[in-house]
Amino acid sequence: MHKILDDGTLVEVYKASGGPWGGAVIDAEFKKFVTALFKNDNCIEELWKSAPRDALDLEREFEAKKRNVTYDCTSTLRLQLPQRLQMFSNTNLQVENQSSITFAHMYIQNEEFQGFFTAAKNEIVKIIKNILKEVETINTVIFVGGFSGSAFLRDEIKSQFHSSGINFLSPHKPELAVLQGAVLFGYNPRAVLARISRYIYGIEILKKFNDQVHPRSKHCIVDGEDMCDHVFHTLAFENDLLKYDEVITYNGNSSHRSPERKNISMKIEMFQAKNVAKDKLMFVTDEGFTSIGKIIFEPPQDGWPDKVDYEAKFYFGQTHIRVEAQETANKVKIETSFELD
């Protein structure tokens, strides 16, 4: 959800949300329907193995029919079935469904076809209603992506908000809108000036151990010093507004007095979580924390000094998290990479 500024750029005003409620949900509902009809939970998989072209034809035909479902139509929709499906049927369809299906065609009532959309439609409506509870007003909703090519889906969603004053729009080719937007955004990544953080983000650090604050279970010895392990250091909180060029800086240090630590890579693990209280000592081992990956600092050719003071800069307001680092004393850049889990 975004606000359009006077210069035409965008600012996110509600964190990106949603879930797996796209066209694939409808495909899954149709698969359930077919497997129940043929009384074989694996009939579609077996068709893909033995006759992938037939399976692809069935998939394409269903994809086309999805777009033909309408809000007020009472007719039936006809799908052509691959003959090979008969090999994987555990029932005599022509006896049980004399008027609706043969091994040449399947006729599905429009109302029954609409039922394939129920779960996805309800979730989409639910999340729009949840957003409306937190945001004062929504002026416009734009339908984009292949699933929004369904007139039935659009009409169903509009019907839930007919008195809200929301203007519902759909581009001529909604399936191309996402691709075109991605290309335009590639040319002008500053088109979105700020984003809302979906999670609390931070890194795992070591802190000097304090008996008054830290649990004994987190005590460890690193390079001869008493340290507290697994401490979570917050970089950005959930729902923070992060600007495109905003930098979050972390100043850290690492001890490398012992010879075996002179040429090792320093690794800082990054974590995310949701619904975490602020101003609270947290550990990455606490429930709800998920590792994103590791930031790798490579040692210089002659190895690390006994103590490394470094500055790490994190850029969060872009399409991905970017990290830069340098030694604080001499401003020498540290070779940095990010290793995804």
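To keep things clear, this report deals only with the structure shown in the data block.

## A short note on the sheet that holds strand 13 (residues 266–273)
Paired through their backbone hydrogen bonds, the strands of a sheet run either parallel or antiparallel.
Here comes step 1: A sheet is described by the order of its strands in space; here six strands give the open sequence 9-10-8-13-14-17, paired in antiparallel fashion. The open sheet is flanked by strand 9 (219–222) and strand 17 (336–340), the only strands paired with a single partner. Mean inter-strand twist for the sheet, computed between neighbouring axes without regard to direction, equals 40°.
Here comes step 2: In this structure, strand 8 (residues 200–208) lies alongside strand 10 (residues 225–236), joined through seven bridges in antiparallel fashion. The residue of strand 10 that forms the bridge with Lys 207 is Cys 228.

## Quick look at the environment of Ala 51
Here comes step 1: Tracing the sequence through the fold places Ala 51 in the loop between helix 2 (43–50) and helix 3 (52–66).
Here comes step 2: Overall, the relative accessible area of 6% leaves Ala 51 in the buried class.

## Side note on helix 2
Here comes step 1: Those residues of helix 2 that sit buried are Cys 43, Ile 44 and Leu 47. Each buried residue of helix 2 sits inside an arc of 100° when the element is viewed along its axis, so together they form one side.
Here comes step 2: In this fold, the buried residues of helix 2 make contact with helix 1 (23–38) and helix 3.

## Structural notes on unusual backbone geometry
Here comes step 1: Positive phi, close to 55°, is recorded for Lys 39, a residue that is not glycine.
Here comes step 2: Relative to the helices and strands, Lys 39 resides in the loop between helix 1 and helix 2.
Here comes step 3: You will see that Lys 331, though not glycine, has its phi angle at about 60°, which is positive.
Here comes step 4: Classification of Lys 331 by relative accessible area gives exposed; the value is 54%.

## Here we look at the environment of Thr 285
Here comes step 1: With respect to the element layout, Thr 285 can be found in the loop between strand 13 and strand 14 (290–297).
Here comes step 2: A sequence separation of 132 residues divides Thr 285 from Leu 153, and the C-alpha atoms of the two residues are 43 Å apart.
Here comes step 3: Residues in contact with Thr 285, not counting those within four places in the same chain, are Lys 218 and His 230.
Here comes step 4: Of the polar contacts made by the side chain of Thr 285, one reaches the side chain of Lys 218; its length is 2.6 Å.

## Observations regarding the sheet that holds strand 11 (residues 241–243)
Here comes step 1: The sheet built from four strands is open, its strands ordered 1-2-7-11 with mixed pairing. With one partner strand each, in any of the chains shown, strand 1 (2–4) and strand 11 form the two edges of the open sheet. The mean inter-strand angle of the sheet, taken between neighbouring strand axes irrespective of direction, is 20°.
Here comes step 2: Relative to strand 7 (residues 192–196), strand 2 (residues 10–12) runs parallel, the two being bridged by two bridges. Counterpart to Val 11 in the pairing with strand 7 is Ala 194.

## So, the packing of aromatic side chains
Here comes step 1: Evaluation of the coordinates by the stated rule reveals 16 aromatic pairs.
Here comes step 2: Plain terms: the ring middles of Phe 33 and Phe 116 are 5.6 Å apart, the flat faces sit at 65° to each other, and that makes the pair edge-to-face. Placement of Phe 33 in helix 1 and of Phe 116 in the loop between helix 5 (110–115) and helix 6 (118–134) is noted, with a sequence separation of 83 residues between them.
Here comes step 3: Geometrically, the ring pair formed by Phe 161 and Phe 168 is tilted, given 6.4 Å between the ring centres and 40° between the ring planes.
Here comes step 4: When its relative accessible area of 13% is taken as the criterion, Phe 168 is described as buried.
Here comes step 5: Aromatic rings pair up to connect Phe 30, Phe 33, Phe 62, Phe 113 and Phe 116 into one cluster.
Here comes step 6: Taking the ring centre of Phe 283 as reference, the NZ or CZ of Lys 218 above it sits at 5.3 Å.
Here comes step 7: The ring of Tyr 199 carries the charged tip of Lys 274 above its face, separated from the ring centre by 4.7 Å.

## Topic: the pattern of salt bridges
Here comes step 1: Considering all chains together, one arrives at 14 salt bridges under this definition.
Here comes step 2: When the shortest N-O distance is used, the salt bridge between Glu 63 and Lys 66 registers 3.1 Å. In this pair, Glu 63 and Lys 66 both sit in helix 3, three residues apart, roughly one turn of the helix.
Here comes step 3: A relative accessible area of 31% places Glu 63 in the partly exposed class.
Here comes step 4: The exposure class of Lys 66 is buried, given its relative accessible area of 6%.
Here comes step 5: One salt bridge in this structure joins Glu 238 and Lys 274, with 3.6 Å as the shortest N-O distance.

Analysis parameters
Residues numbered from 1 in each chain as written. Predicted model: local features only at pLDDT ≥ 70, side-chain atom pairs only at ≥ 80, totals over all residues. Heavy atoms only, no water. Pairing = 2+ DSSP bridges. Helix = DSSP H or I, 4+ residues; strand = E, 2+ residues; numbered from the N terminus. Axes fitted to C-alpha atoms, helices over the stretch in contact; angles between N-to-C directions. Buried < 20%, exposed > 50% of the residue type's maximum accessible area, 1.4 Å probe, protein only. Arc of directions from axis to C-beta. Contact = heavy atoms within 4.5 Å. Polar contact = N/O pair within 3.5 Å; in protein donor to acceptor, adjacent residues only side chain to side chain. Phe/Tyr/Trp six-rings, centres within 6.5 Å; stacked < 30°, edge-to-face > 60°. Lys NZ or Arg CZ within 6 Å of the ring centre and 35° of its normal. Salt bridge = Lys/Arg side-chain N within 4 Å of Asp/Glu carboxyl O.

The quantities given are spatial measurements derived from coordinates; they are silent on function.
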